[in-house]
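# Close look at the chain arrangement
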Amino acid sequence: MITVLYFARLREELGTGSERLALPRAVRDLEGLRAHLIARGGAWAEALGANKAVRAAVNQSIASGDVPISDGDEVAFFPPVTGG
Amino acid sequence: MTVRVQTEDFDVGAEIAALRRANPKIGAVASFVGVVRDVNAGDAVAGMTLEHYPGMTEKSIEEIVAQARVRWSIYDALVIHRVGTLKPADQIVLVIVTSSHRGDAFAACEFIMDYLKTRAPFWKKEKTSAGARWVDARVTDDLAAERWRLKG
């Protein structure tokens, strides 16, 4: 299982802030997980689509699409940050 | 190094005094205070809500301060960032850096703010006359963080 978190605009658009997910065998990295979620269609395809500015973190570190994902990881998707 | 994420306001004078008390070698203190503006993108702003990613927020700011320590000779740094509901003129963020001389304190303070703006997981949602909306990230913030790459 992995934990997937969603923040800010993504959390609102997806209607959830977190979920537990059995890591699909085909998913090896962050880009693979994003594609898996987009394949759910509807709000998922809309919010996470390639035309959207989506940032991600794996185990609380900013991560690019090629960062591997394994069982037990905490993954987060969110919009570009706007603090300060 | 101290990093605090909190809903409560902070007292800049008290925080500076506490850092100075801890080390008589300090010769320079640089601080930055970010404040909520009452206008953004042409619309009046009545207030905002700040969301963050607990755990990653603290970790990312600690990493930013650690990078500043490598690049400049500083004694200590404190970062306080507020979350929750804020209104215009409220303080949002405080960065204080202490060092022997002003050059290191100024540079490290600006570096920490520039990196915080682009890497620390906070998101602002503002209440405006045009409705509630998520604040968009600014290209100018990315450029501000990017310019530190050219140095050092």
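Rules used in this analysis
- Residues numbered from 1 in each chain as written.
- Chains lettered and ligands numbered in written order.
- Predicted model: local features only at pLDDT ≥ 70, side-chain atom pairs only at ≥ 80, totals over all residues.
- Heavy atoms only, no water.
- Helix = DSSP H or I, 4+ residues; strand = E, 2+ residues; numbered from the N terminus.
- Rg over C-alpha atoms; globule rule 2.2 N^0.38 Å.
- Buried < 20%, exposed > 50% of the residue type's maximum accessible area, 1.4 Å probe, protein only.
- Lys, Arg positive; Asp, Glu negative; His and termini not counted.
- Charge placed at Lys NZ, Arg CZ, Asp CG, Glu CD.
- Core = buried A, V, L, I, M, F, W, Y, C linked by side-chain atoms within 4.5 Å.
- Contact = heavy atoms within 4.5 Å.
- Arc of directions from axis to C-beta.
- Buried area = accessible area lost by both parts, 1.4 Å probe.
- Salt bridge = Lys/Arg side-chain N within 4 Å of Asp/Glu carboxyl O.
- Nonpolar A, V, L, I, M, F, W, Y, C, P; charged D, E, K, R; others polar.
- Phe/Tyr/Trp six-rings, centres within 6.5 Å; stacked < 30°, edge-to-face > 60°.
- Lys NZ or Arg CZ within 6 Å of the ring centre and 35° of its normal.

### Thoughts on the overall build of chain A
- Regarding its fold elements, chain A presents three helices and five strands.
- Listed N to C, the secondary structure of chain A is β-α-β-α-α-β-β-β in terms of helices and strands.
- For 84 residues, the compact-globule formula gives about 12 Å, and the C-alpha radius of gyration of chain A, at 12 Å, lands near that figure.
- Projecting the C-alpha coordinates of chain A onto the three principal axes gives extents of approximately 35 × 30 × 20 Å.
- Residues counted as buried form 44% of the 84 residues belonging to chain A.
- Averaging the coordinates of the 9 positive side-chain charges in chain A and doing the same for the 10 negative ones gives two points 2 Å apart.

### Describing the nonpolar core
- With 33 residues, the main nonpolar core has Ile-61, Trp-72, Val-97, Phe-111 and Ile-112 of chain B as its most contacted residues.
- Looking at this core, the element that brings in the most residues is helix α3 (residues 102-119) of chain B, giving nine residues.
- Excluding its chain neighbours within four sequence positions, the residues that come into contact with Phe-111 of chain B are Ile-64, Gln-67, Ala-68, Arg-71, Trp-72 and Trp-148 of chain B.
- Formed by 20 residues, the second largest nonpolar core is a distinct cluster that contains Trp-44, Ala-47, Val-54 and Val-75 of chain A.

### Points about helix α2 (residues 30-38) of chain A
Residue and element names in this part refer to chain A.
- Among the residues of α2, those classed as buried are Leu-30, Leu-33, Arg-34 and Leu-37. All buried residues of α2 fall inside an arc of 100° around its axis, so they share one side.
- The secondary structure elements touched by the buried residues of α2 are β1 (2-6), β2 (18-21), α3 (42-48), β3 (55-58) and β5 (74-78).

### Description of the interface of chain B and chain A
- Each side of the interface is counted separately: chain B has 26 residues, and chain A has 20 residues.
- A combined buried area of about 1900 Å² lies between chain B and chain A, and 55% of that area is made up of carbon and sulfur atoms.
- When the buried area of chain B at its contact with chain A is split by residue, Tyr-53, Trp-123 and Trp-134 of chain B rank highest and sum to 35% of it.
- Joining chain B to chain A, the criterion identifies three salt bridges.
- Residue assignment for the side of chain B that touches chain A shows that the elements contributing at least two residues are β4 (43-52), α2 (56-71), β7 (91-99), α3 and β8 (122-128) of chain B.
- Looking at the side of chain B that touches chain A element by element, the count peaks at five residues for α3 of chain B.
- Along the lines of polarity and charge, the residues of the side of chain B that touches chain A split into 14 nonpolar, four polar and eight charged.

### Overview of the packing of aromatic side chains
Residues and elements named next belong to chain A.
- The tally for this structure, following the rule as stated, stands at nine aromatic pairs over all chains.
- Where Tyr-6 meets Trp-44, the ring centres are 5.4 Å apart and the plane angle is 75°; that geometry is what we call edge-to-face. Here Tyr-6, found in strand β1, pairs with Trp-44, found in helix α3; they are 38 residues apart in sequence, far enough to count as distant.
- Here Arg-40 stacks its cationic end above the ring of Trp-44, 4.4 Å away from the centre of that ring.

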